[in-house]
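# Working through the structure, step by step
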Amino acid sequence: MNIYDNTAFFAAYAAMDRSKGGLEAAGEWHQLQPLFPDLRGAAVLDLGCGYGWHCRYAARQGAASVLGIDSSQKMLSAAAAMTSDARIRYEHCGLEEFAYPAARYDLVLSNLVLHYIENLDAVYGQVYRTLKPGGCFLFNIEHPCFTAGVGQDWVWEGERPKHWPIDNYFYPGQRQTNFLGQTVLKYHHTLTQILMGLLDCGFRLEVVEEAMPPAQWMHLPGMADEMRRPMMLLVRARKERP
Ligand SMILES: C[S@@+](CC[C@H](N)C(=O)[O-])C[C@H]1O[C@@H](n2cnc3c(N)ncnc32)[C@H](O)[C@@H]1O
């Protein structure tokens, strides 16, 4: 079962700032938004769309059609309740099972989902197939420095986060994390796997960025610690025209 369908986890996720405030409340948005291509008339696929924030943003930017897929029925129900635009459709489906029609989309987008995927190369291959030539793959994945260690937590010295442990970096695969009070399974992929996997598929790498908190958030509690290790990796890759 997708952890987002667990009642306690779903409630805790709903209480997060990004769940209440949407894109503007997401720490990566100030870096992700400028990476979007021109969406006027575009066909967009959002992998792991959650509440559908990015689907609605794409429609507002002029996309002709937007499909958001997600394997959590609870997340999709929340997305549907916030959506009234007929250009947006949601489908209950895992990234691993989706049919990925050939050369259909101008943009494939995925925000904070790919670290739930064991076989990144298989998804990359399908995304490459489903993009039109010239199309764009834009994603944000938890950073390998963030996913490598055990438990995804600081080493604490009393109340103070002493350091962030990176361990077993070159052993990619499943990690048991504690996220929002639940045991959540994620997958660590090395930086080489994340970037070379795209190049091996035929993508041209256009942008690589590591998300930092917006400068105007730095006074908020805990924000200074977000400068001590990267949490998210933003990537834009393009399927070149023949
Ligand atoms: C952190 S949320 C991000 C949601 C949305 N992309 C956003 O940025 O607001 C992760 C989402 O990935 C979905 N998810 C996790 N594993 C998935 C999978 N294998 N296939 C489809 N969706 C998945 C979850 O249900 C959840 O909605």
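Refer to the structure printed above.
### Let's talk about the overall build of the chain
Of the regular secondary structure elements, the chain holds eight helices and 11 strands. Since a compact globule built from 242 residues should have a radius of gyration of about 18 Å, the 18 Å found for the chain is in line with a globular shape. If one aligns the C-alpha atoms of the chain with their principal axes, the spans along those axes are about 55 × 40 × 35 Å. Looking at the chain as a whole, 36% of its 242 residues qualify as buried. Across the chain, every contact between residues at least 6 apart in sequence was considered, and the portion connecting residues at least 24 apart equals 64%.

### So, the site of the ligand
The full set close to the ligand counts 19 residues, and G48, G50, S72, N111 and Y116 are the nearest of them. Broken down by class, the residue content of the shell around the ligand amounts to 10 nonpolar, seven polar and two charged.

### Looking at the nonpolar core
Counting residues in hydrophobic clusters, the biggest one holds 52 residues, and the most contacted among them are V44, A58, V66, L107, V108 and F137. In terms of residues, this core owes the most to one element, strand β5 (residues 131–142), which gives six residues. Those residues in contact with F137, other than ones at most four positions away along the chain, are V108, V127, L131, F203 and A237.

### Observations regarding the sheet that holds strand β3 (residues 88–92)
Taken in spatial order, the seven strands make up an open sheet running β3-β2-β1-β4-β5-β11-β10, and their pairing is mixed. Each of the sheet's edge strands pairs with one partner strand only, and the pair in question is β3 and β10 (203–210). Averaged over all pairs of adjacent strands, the angle between strand axes in this sheet comes to 15°, irrespective of strand direction. Here strand β1 (residues 43–47) runs beside strand β4 (residues 105–111); their pairing, made up of three bridges, is parallel. Paired with D46 across the two strands is L109, which belongs to β4.

### Considering helix α6 (residues 120–130)
Of the residues making up α6, those classed as buried are V123, Y124, V127 and T130. Along α6, the residues classed as buried sweep out an arc of 135° about the axis, all on the same side.

### Remarks on unusual backbone geometry
Even without a glycine there, the phi angle at A103 is positive, about 50°. With respect to the helices and strands, the residue A103 is situated in the loop between β3 and β4. According to the C-beta neighbour criterion, A103 is exposed, with 11 such atoms within 10 Å. Phi at N168 takes a positive value of approximately 55°, unusual for a residue other than glycine.

### Re helix α4 (residues 53–60)
Think of an α-helix as turning once every 3.6 residues; residues three or four places apart then point the same way. Here α4 lies mainly inside the structure; seven of its eight residues are buried. Those residues of α4 that fall on the buried side of the exposure criterion are W53, H54, C55, R56, Y57, A58 and A59.

### Things to note about the environment of Y90
Here Y90 lies in strand β3. Distance in space between the C-alpha atoms of Y90 and L67 is 5.7 Å, their sequence separation being 23 residues. With near-sequence residues (within four places) excluded, Y90 lies in contact with C49, G52, G68, L76, A79 and A80.

### Quick look at the packing of α6 against helix α8 (residues 191–201)
At their nearest, the axes of α6 and α8 sit 10 Å apart, and the two run at 40° to each other. By the angle between their axes, α6 is oblique relative to α8. Two packed elements cross with a definite hand, and for α6 against α8 that hand is right-handed. Together, L120, D121, Y124, G125 and Y128 of α6 and Q193, I194, G197, L198 and C201 of α8 make up the contact between the two elements.

### What to know about the pairing of strand β9 (residues 182–188)
Sheet topology note: the strand β8 (residues 173–179)/β9 ladder contains seven bridges and is antiparallel. Bridge pairing in β9 places Q174 opposite Y187. Counted along the chain from β8 to the antiparallel partner β9, the turn is two residues long, and its residue L180 has a positive phi close to 55°.

The rules behind the values
Residues numbered from 1 in each chain as written. Predicted model: local features only at pLDDT ≥ 70, side-chain atom pairs only at ≥ 80, totals over all residues. Helix = DSSP H or I, 4+ residues; strand = E, 2+ residues; numbered from the N terminus. Rg over C-alpha atoms; globule rule 2.2 N^0.38 Å. Buried ≥ 20, exposed ≤ 12 C-beta atoms within 10 Å, placed from the backbone. Contact = placed C-beta atoms within 7 Å. Near = placed C-beta within 6 Å. Nonpolar A, V, L, I, M, F, W, Y, C, P; charged D, E, K, R; others polar. Core = buried A, V, L, I, M, F, W, Y, C linked by C-beta atoms within 7 Å. Pairing = 2+ DSSP bridges. Axes fitted to C-alpha atoms, helices over the stretch in contact; angles between N-to-C directions. Arc of directions from axis to C-beta. Parallel < 35°, antiparallel > 145°, perpendicular 65-115°, else oblique. Left-handed = near helix turned anticlockwise from the far one by under 90°.

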